[in-house]
Every structure is written in structure tokens, then in C-alpha cells.
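# Residue-level structure breakdown
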Amino acid sequence: MDSVEKGAATSVSNPRGRPSRGRPPKLQRNSRGGQGRGVEKPPHLAALILARGGSKGIPLKNIKHLAGVPLIGWVLRAALDSGVFQSVWVSTDHDEIENVAKQFGAQVHRRSSEVSKDSSTSLDAIIEFLNYHNEVDIVGNIQATSPCLHPTDLQKVAEMIREEGYDSVFSVVRRHQFRWSEIQKGVREVTEPLNLNPAKRPRRQDWDGELYENGSFYFAKRHLIEMGYLQGGKMAYYEMRAEHSVDIDVDIDWPIAEQRVLRYGYFGKEKLKEIKLLVCNIDGCLTNGHIYISGDQKEIISYDVKDAIGISLLKKSGIEVRLISERACSKQTLSSLKLDCKMEVNVPDKLAVLDEWRKEMGLCWKEVAYLGNEVSDEECLKKVGLSGVPADACSTAQKAVGYICKCNGGRGALREFAEHIFLLMEKVINSCQK
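Residues numbered from 1 in each chain as written. Predicted model: local features only at pLDDT ≥ 70, side-chain atom pairs only at ≥ 80, totals over all residues. Heavy atoms only, no water.

## Notes on the overall build of the chain
When its secondary structure is counted, the chain shows 13 helices and 18 strands. In the chain, which comprises 434 residues, the share counted as buried stands at 48%. Sequence-distant contacts, at least 24 apart, represent 67% of the contacts inside the chain between residues at least 6 apart. Of the accessible surface of the chain, which amounts to about 22000 Å², a share of 47% is contributed by carbon and sulfur atoms. (Helix = DSSP H or I, 4+ residues; strand = E, 2+ residues; numbered from the N terminus. Buried < 20%, exposed > 50% of the residue type's maximum accessible area, 1.4 Å probe, protein only. Contact = heavy atoms within 4.5 Å. Areas by Shrake-Rupley, 256 points an atom, 1.4 Å probe, with all protein chains shown as cover.)

## Observations regarding the environment of Ile72
Positionally, Ile72 belongs in helix H1 (residues 71–82). Along the backbone, Ile72 and Ala144 are 72 residues apart, and their C-alpha atoms lie at a distance of 4.9 Å. Once you skip the residues sitting within four places of it in the chain, Ile72 turns out to touch Ile49, Ala51, Asn62, Ile63, Val90, Val100 and Ala144.

## Topic: the layout of surface pockets
Approximately 1100 Å³ is the volume attributed to the largest pocket. Along the wall of the largest pocket there are 40 residues; nearest its centre are Val69, Arg77, Phe104, Val401 and Gly402. Of all the secondary structure elements, the ones that give two or more residues to the lining of the largest pocket are strand E4 (69–70), H1, helix H2 (95–103), helix H11 (378–383), strand E17 (386–389), helix H12 (395–399), strand E18 (403–404) and helix H13 (413–433). The element contributing the most residues to the lining of the largest pocket is H2, with four residues. (1 Å grid on protein atoms, 1.4 Å probe; cavity = no way out; pocket = protein on both sides within 12 Å on 5 of 7 lines; lining within 4 Å. Points joined across faces, edges and corners; volume = space filled by probe spheres on them.)

## Observations regarding the sheet that holds strand E16 (residues 368–371)
By definition, the strands of a sheet pair up through backbone hydrogen bonds, in either a parallel or an antiparallel sense. A sheet is described by the order of its strands in space; here six strands give the open sequence E15-E14-E11-E16-E17-E18, paired in parallel fashion. The strands lining the two open edges of the sheet, one partner per strand, are strand E15 (342–344) and E18. The pairing of E16 with E17 spans three bridges and is classified as parallel. Considered in E17, the bridge of Ala369 is made with Leu386. This element, helix H10 (residues 350–360), spans strand E11 (277–281), strand E14 (320–324), E15 and E16 of the sheet and lies at about 160° to E14. (Pairing = 2+ DSSP bridges. Axes fitted to C-alpha atoms, helices over the stretch in contact; angles between N-to-C directions.)

## Regarding the nonpolar core
Counting residues in hydrophobic clusters, the biggest one holds 42 residues, and the most contacted among them are Leu66, Leu278, Leu323, Phe417 and Ile421. Elements with a minimum of two residues in this core: H1, helix H6 (254–264), E11, helix H7 (282–286), helix H8 (305–316), E14, E16 and H13. Each of two domains, domain 1 (43–262) and domain 2 (275–431), supplies a minimum of three residues to this core. One finds Leu76, Phe85, Val100 and Tyr238 within the second-largest nonpolar core, a separate group that totals 36 residues. (Core = buried A, V, L, I, M, F, W, Y, C linked by side-chain atoms within 4.5 Å. Domains from an automatic or database assignment.)

## Describing the confidence of the model for the chain
Taken residue by residue, the chain gives an average pLDDT of 83. The fraction at 70 or more is 83%. Confidence drops under pLDDT 50 across residues 1–36; counting only partners more than four residues distant or on other chains, this segment forms 78 contacts. (pLDDT = per-residue confidence, 0-100.)

## Observations regarding the environment of Asp167
Along the chain, Asp167 turns up in the loop between helix H4 (151–162) and strand E8 (168–175). Along the sequence, Asp167 and Gln231 sit 64 residues apart, while their C-alpha atoms lie 8.2 Å from each other.

## Considering the packing of H1 against H4
Axis angle and axis distance: for two packed helices, these are the angle between their axes and the distance between the axes, and together they describe the pair. Taken N-terminus to C-terminus, the directions of H1 and H4 make an angle of 50°; their axes are 8 Å apart at the nearest point. Relative to H4, the element H1 is oriented oblique. For the crossing formed where H1 meets H4, the hand is right-handed. When H1 is examined against H4, the residues Ala78, Ala79, Asp81 and Ser82 are found in contact with a partner set consisting of Pro151, Leu154 and Gln155. Considering only residue class, the contact of H1 with H4 consists of four nonpolar, two polar and one charged. (Parallel < 35°, antiparallel > 145°, perpendicular 65-115°, else oblique. Left-handed = near helix turned anticlockwise from the far one by under 90°. Nonpolar A, V, L, I, M, F, W, Y, C, P; charged D, E, K, R; others polar.)

## Looking at the state of the cysteines
On inspection of all chains with the given rule, the structure shows zero disulfides. Cys394 takes part in no disulfide bond, and the closest cysteine sulfur, belonging to Cys285, lies 10.0 Å away. When its relative accessible area of 21% is taken as the criterion, Cys394 is described as partly exposed. Of the cysteine sulfurs around Cys405, a residue in no disulfide, the closest is that of Cys407, at 6.9 Å. (Disulfide = S-S within 2.5 Å.)

## Some words on the packing of aromatic side chains
Per the counting criterion, the structure on display carries seven aromatic pairs. When the ring of Trp89 is compared with that of Phe129, the centres are 5.6 Å apart and the planes differ by 65°; the resulting orientation is edge-to-face. In this pair, Trp89 sits in strand E5 (residues 87–92) while Phe129 sits in helix H3 (residues 122–132), placing the two residues 40 residues apart along the sequence. Side by side, Trp89 and Phe129 carry an identical accessibility label, which is buried. Ring plane angle 20° and centroid distance 5.2 Å describe the contact between Phe178 and Trp207, whose orientation is recorded as stacked. Of the two residues, Phe178 sits in the loop between E8 and strand E9 (210–221) while Trp207 sits in the loop between E8 and E9, which places them 29 residues apart along the sequence. Owing to a relative accessible area of 27%, Phe178 belongs among the partly exposed residues under this scheme. Residue classification places Trp207 among the buried positions, given a relative accessible area of 16%. Through successive ring pairs, a cluster of aromatic residues spans Phe85, Phe217, Phe219 and Tyr238. Sitting over the ring of Tyr212, Arg175 keeps its end group 5.5 Å from the ring centre. (Phe/Tyr/Trp six-rings, centres within 6.5 Å; stacked < 30°, edge-to-face > 60°. Lys NZ or Arg CZ within 6 Å of the ring centre and 35° of its normal.)

See the structure below:
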């Protein structure tokens, strides 16, 4: 269960480390609107994701694919689906990040070079954003590196700000970690326990643990930010579930983060359904798209054994696998691969065939998965419940898809997509058992 703890502060905490004592300013009411009838317009709450192009660690990390989705896409999906923001923004200095943000439905603020340096702070970028957007009363600064954020978290925090009168709310996670004093090298001192009695070490279940900022989000009202504070005034924290507290910047690497996101991430408003049919484009997905012609004019193609194993595993799991191609490729050549899959070749309208197969099996679109790589696959990718493309798919197909493989077509992409299906189906089973 999500738990929310709230409490007013008697001092204003400066994120730059300079505490300012004294009574924080009173909340400034928004008097816009009402058409002269004295009715106050609800304060404008804007989500703001800061996504600078430069990164000392992973280049363009904010749009690197995590579990088949650009990293920033996970938090944008949660923010948009929460329904609590009047506007959702990405502040960036990079064209590619801007394009991804717009694909997910966010607006883009092109930040200046002055707040895009390695030495620039988040507060600098937020203040610049507010200077250009006088309509914004409250900023929900959401970190792009927190891909397990859920809309329900944002909805509860928005309620704390709007209904309960808090000026700032930030996210925390509960940790059960014992802390010890640090000893400088070359100094003969003994370490001291900071939050435990070594003679009476508590069991985990007997200790409440401690709350740590996890960096997922910082909500603050405009007047605080303009004073140089992200935390202050009547201040509260919001405790996130530990499994949703994933911070790629700090304590987790990419492969582990992908497993956490697939298990605990937010995948959209509609519930996932169990996949019953996977349709795969032959050219460029099952194969690498290369065609070889023998001396007697026979067609020769190649495929990866890993992909054949992927098909076998899918079928053993009860998922039907069928192959499709717009090219008039040889069925005899394909049958020699011994994949034991129904296939259609020389198909001018893939969506029509896909729909026919779906109806034949009595399935809804959410129960169908599709792996494609070309413009001719676009409509199929948009229609199905689960869509994927190889890493080397065309840009049109990539924009229409939910999962982009790390492997190229004919080089393990089908096996990778099969593993993705298995992980999501485990999520479906777990949700049904709750």
C-alpha cells in the first residue's frame, strides 16, 4: 500500500544547502478566471521533466530505450495518464529529445545554453521555465530517471497540494540500512554507529527504517521556486513503494532496471491481456533481409537459431506463431526451416490478413502481438495489443511501436521479443492473482 505522510515545516529548506530560517511566505492565491463572478480558477499545475542532451555517463540517456521504451517515455506516460496536470512539459536543449517528447504527447520548452551546462542546477532550469510561462502556479518536477513512477502517486501528491494546502511535496522511500560514522584515511579513530545499537541489532520487521529522498519528483508552488526553494513552506513528503523507487542515476544499472520496470512499471491505462497470437514479418524480422541466389536460381535465406528457439518456446507456452511477408518468397524455402508455422506470402494488405487470423482464432486485438520492421507493418503495429520491431527497423515502424529490440532482425530480435512477451504475461498472471 502507498502511504503518505504529511507535515508542515517551520523553516524553508534551500536545495543549494543554505537554510533560510523564519516564517515562509503565505500561499498566493490564483485570482485569474471567474469572469467577474469572484470564482477562483484552479491553480495551473504543470509537470516538468528536465532532459538535457549532455550526459557524462550514458550519451542521450534520457531517450535510451529501457524495456523497449525511451527512458523519458515511462514518466511522460505516467504524468499524462494521471490526469492531474493542466500541461506536461519537457525542458531540453536537444532535437532528438524534443522529438521523442512530442511523440509521447508532451509540450517542449527549449532551454537556453545558460541552464544546459554541467554546472547548471535543476532549480536554474525550472526558474527559466517559469520565466516563460506565467500561467503556471505549481510545478511538478519529475525525474526522467524514475521509470517505475505510477499515475496514482502523482494523483495523491496533486491532492496534497491542491486540497490539503501543502506548498511543497517530495518523494521518499523507506530503507532499512544501518549507518556508521565515516573515518578519514590516516586518522586513528574508531567508527561509531549512527542509527543503531550494535548490542541490540533490531530485526527488519521490528524496525520502521528511515526515509530517504529518492528523487522521483519535487512539487513546489511558484512563489517558493522564485525564492530559490524546491522544498519549503508547509512541506510534506510522499512515501513511494520500494519496488516503484528505481533511480537509474544512483543505485541501479540498466539490465536490472529493465527487469524492475517490466515487473513493476506502469504500462498504460488499459490492462494487459494474455497474448494468444504472435505474427512476425519474415523479411527483416525472422531473417536479416538478405537474400542469396544459388547458381540454379534458387533463393537462399538465413536465420538465427535463437529465433527458432524463441518460436518453439512461444508455442510451448500456448502462443500461436504465424509468419507473413509482402514479398512472393518461396514457401518451399521457408518450410525447409522446419518452424512449423502457418504463413502467408505475397500479401499486399498485411492488416487484412492479420484481422482475418484474429477473427479465425476468436481473439480481441489486445491478445495479438506483432513483430514488424517496415512501413507496410505500420498499421498492424498500431492495431495490436503488443508490438515490437528489431533495432534496425525503419523509423516509421519504430514510431508506431511499443517495444524496440536491442537485437537486429534475423539476429535474435524474435527471441528477444518472445522474452518480452513472457515477462509481460507473468505481470498479467500476477495481477490476476491479486
